[in-house]
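# Examining the three-dimensional arrangement
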Amino acid sequence: MSFFTQFDFSVIAPSLPFLWEGLKFTAKLTLIAMAGGIFLGTLLALARLSSITPLAMVATWYVNLMRSIPLLMVILWFFLVIPIFTGKPMGAETSAIITFTAFEAAYFSEIMRAGIQSVPRGQVYAGQALGMTYWQTMSYVVLPQAFRNMLPILLTQTIILFQDTSLVYAIGAKDLLKAAEIAGKNYGRPIEMYVFVALVYFVICFALSYLVKHLQARTAIVR
Amino acid sequence: MNYHWNWGIFLQQVQSGDETYLDWLISGLGWTVAVALAAWLIALVLGSLIGTLRTVPNRGLAMVATAHVELFRNIPLLVQLLLWFFVVPELLPRDLSLWVKQDMPAKEFFTAVICLGLFTSARVAEQVRAGIQSLSRGQKMAGLAIGFTLPQTYRYVLLPMAFRIIIPPLTSEFMNIIKNSSVAFAIGVLELTFQARQMQEDSEQGIETYLAVTLLYFIVAFSANRGMALIERRTRVPGYIGGAK
Amino acid sequence: MIKIANISKWYGQFRVLTDCSTQITKGEVVVVCGPSGSGKSTLIKCVNGLEPFQQGDIIVNDISIGDPKTNLPQLRAHVGMVFQHFELFPHMTITQNLTIGQVKVLGRSKDEAHQRALQLLDRVGLNSQADKFPGQLSGGQQQRVAIARALAMDPICMLFDEPTSALDPEMINEVLDVMVGLANEGMTMMVVSHEMGFARKVANRVIFMDNGSIVEDAATEEFFGTPRSERAQLFLSKILSH
């Protein structure tokens, strides 16, 4: 009849500090990959749009390659290859941070490219007419507008990134999901832990996407 | 860099049997395609239904559809998979629960298909909704004005155009479902990523293994992309550029 | 044929129609004009229930539009409507646009529907375009197809919602010619339009709307002779000045 009677959610409270550590890593990974990803992604976007053909080609290839392989494979690739190159073993956490930054850069670059292209060509001319160099035109005129136009989409991508960080499970990095799994094993209550952790993810993502929706409505009026 | 290349590894036998590593990868490819296609079927059917319901005047139906989308969009895929695999069987009636846990054939496969199908259905639903809403209000009125019922207006007027318009984003979702099927390794579906990890451990030739697997993913995604492009060409409406209004 | 009785409509707090009443008898042609935002397009969409209204009622062919028990699709099948932006179905050929309603709503056979479609295309002078898609036709051609689509349902009356205002000037006449032909055949027509030449030529009555109300409702000669309201005078002077 009541299937929930066999569940015991009292194990959640004592494992909260442990889960908090996992969530902190998840947040750290998300924020670093977001900041690094947007920075590298912007450079990649500029490279793709540049008139220097080899540069544009390399950037295009990088972006297309990253976007056509499963993130899980990319995680496994970096975890395997970085130590071979450096000759030193590397922790799962560090490997995850490098992987996500490099991977998300490809996705953010597509967003920034659309953003840059959404800025009217006349703005570039206006900047140049004032005597600005390429980098000045980009950093004072084009990129701020591109960034503002794309802010909702950048944030939506960040929510996806936040969810995707759970995949570091595959290399054993201790994020929120891994922490929940370990806690579940310790208390012999994996079911309750999975349910709880799903709830945490849901509440965070739902709240963030609600905020993005509001932001979108507001910026839509401004423009 | 100190790495021992061995490109012949694929034709060598695995340590614990008489198969070759290539056999492993090919069977992994088969499972990847099977999971992705079966889940895509669910995602497309359910997503179209839910996306359509989000646009109907009936508040109750629209709310149910919105709840579906929010639920499946806001929990990480891997967490959803673990919920389906470990938690959902516990919520079933006793006999069914026992059957699922002990006797259900290809349990991992079906769990992965249902999970990935529902996860993607929320994304497909959003595309379908956007497609319908991108059509002018006059189209719906024109359908109603010649005497169509609301379902008929959707069937003959709105959905045929909406689907044509959203083929490009649906293509990305189709490629996503192929990539996302890699998550199924976590519950032991013997798909490509699972085989990649297994072969890497078994053969200790990680780079060759991953290169081969990456190439296979590339080929599958590329074929999917071409297939969708073909559909797009076949359904193109003359005099209508790229579906833009 | 059409009886509009004390219709009022709100969008939330905003009142778009105030107590509108008029009648259109069989065979009559009535032109509704007025400045943009006066509610004329909303009123004509109320006639076949495309826009709901909160007060009053509309009776079409003895059937109440406001009655929730009324089978609206069935009623609309016999009330032709032509839209400002044509609203042809872009994924269907011209012929398919004309047959889909006949087959799916009226239950005609495909052959019968096809015959009727070709007959009507001939009438609007477009039979050479039968297998093209709407996107391949000019605006004027599309609007003529839209009229043919409505006629294919053998309507008892026709509603025109600004049928020429989205057209380039050189295409307006080809559409008006078709409409004049219809009027001369005795079709009951309600036409929201600024085409005063058309109104003078074929309308029996002209209705002038402003701010969601019917300000003037008069026989055509009377309306153009001595419009009673100041608003209508001002409107006419602006429209007819060139």
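Let me begin by describing the structure that accompanies this report.

Scoring rules and cut-offs
Residues numbered from 1 in each chain as written. Chains lettered and ligands numbered in written order. Predicted model: local features only at pLDDT ≥ 70, side-chain atom pairs only at ≥ 80, totals over all residues. Heavy atoms only, no water. Axes fitted to C-alpha atoms, helices over the stretch in contact; angles between N-to-C directions. Helix = DSSP H or I, 4+ residues; strand = E, 2+ residues; numbered from the N terminus. Left-handed = near helix turned anticlockwise from the far one by under 90°. Contact = heavy atoms within 4.5 Å. Nonpolar A, V, L, I, M, F, W, Y, C, P; charged D, E, K, R; others polar. Salt bridge = Lys/Arg side-chain N within 4 Å of Asp/Glu carboxyl O. Polar contact = N/O pair within 3.5 Å; in protein donor to acceptor, adjacent residues only side chain to side chain. Pairing = 2+ DSSP bridges. Buried area = accessible area lost by both parts, 1.4 Å probe. Expected span 1.5 Å × (residues − 1). Buried < 20%, exposed > 50% of the residue type's maximum accessible area, 1.4 Å probe, protein only.

## Re the packing of helix α1 (residues 21-53) of chain B against helix α10 (residues 206-234) of chain B
Angle between the axes and distance between the axes: these two values describe a pair of packed helices. Residues and elements named next belong to chain B. Relative orientation of the contacting elements α1 and α10 amounts to 35°, with a least axis distance of 11 Å. Helix-helix and strand crossings are classified by hand; for α1 and α10 the assignment is right-handed. Residue-level contacts link L25, L29, T32 and V33 of α1 to A212, V213, L216, Y217 and V220 of α10. Looking at the contact of α1 with α10 residue by residue, the class counts come to eight nonpolar, one polar and no charged.

## A look at the interface of chain A and chain B
Taken together, the contact between chain A and chain B spans 35 residues of the former and 36 residues of the latter. Counting across the interface, chain A meets chain B through one salt bridge. In this structure, the salt-bridge partner of K213 of chain A is E70 of chain B, at a minimum N-O distance of 3.7 Å. Here chain A is connected to chain B by five residue pairs in polar contact (both at pLDDT 80 or more).

## Quick notes on the sheet that holds strand β10 (residues 213-219) of chain C
Residue and element names in this part refer to chain C. Spatially, six strands are ordered β6-β7-β8-β3-β9-β10 in an open sheet, and the strand pairing comes out mixed. Each edge of the open sheet is held by one strand with a lone partner, namely β6 (79-82) and β10. When strand polarity is set aside, the average angle formed by the axes of neighbouring strands in this sheet is 15°. Of the strand pairs in this sheet, strand β7 (residues 157-161) and strand β8 (residues 189-192) are connected by four bridges, and their pairing is parallel. By the bridge assignment, M158 is partnered in β8 with M189. The strands touched by helix α5 (residues 139-151) are β6 and β7; relative to β6, the strand with the most contacts, the crossing angle is about 170°.

## Digging into the interface of chain C and chain B
With 25 residues of chain C in contact, the opposing surface of chain B contributes 23 residues. Carbon and sulfur atoms supply 69% of the area buried between chain C and chain B, which totals about 2000 Å² over both sides. One can count one salt bridge joining chain C with chain B. R137 of chain B is paired through a salt bridge with E51 of chain C; the nearest N and O atoms lie 3.2 Å apart. At the boundary of chain C with chain B, the tally comes to seven residue pairs in polar contact (both at pLDDT 80 or more). Elements supplying a minimum of two residues to the side of chain C that touches chain B: α2 (72-76), β6 and α3 (94-104) of chain C. With three residues, α3 of chain C is the single largest residue contributor to the side of chain C that touches chain B. Class assignment for the residues of the side of chain C that touches chain B results in 14 nonpolar, five polar and six charged.

## Describing helix α3 (residues 71-86) of chain A
With 16 residues, α3 of chain A should cover 22 Å at 1.5 Å per step; its first-to-last C-alpha distance of 22 Å lies within 8% of that length. For α3 of chain A, every residue scored as buried is listed here: L71, L72, M73, V74, I75, L76, W77, L80, V81, I82 and I84 of chain A. On the buried face of α3 of chain A, the contacting elements are α2 (53-68), α4 (92-118) and α6 (134-164) of chain A together with α9 (192-203) and α10 of chain B. G87 of chain A lies just past α3 of chain A and shows a positive phi near 75°.

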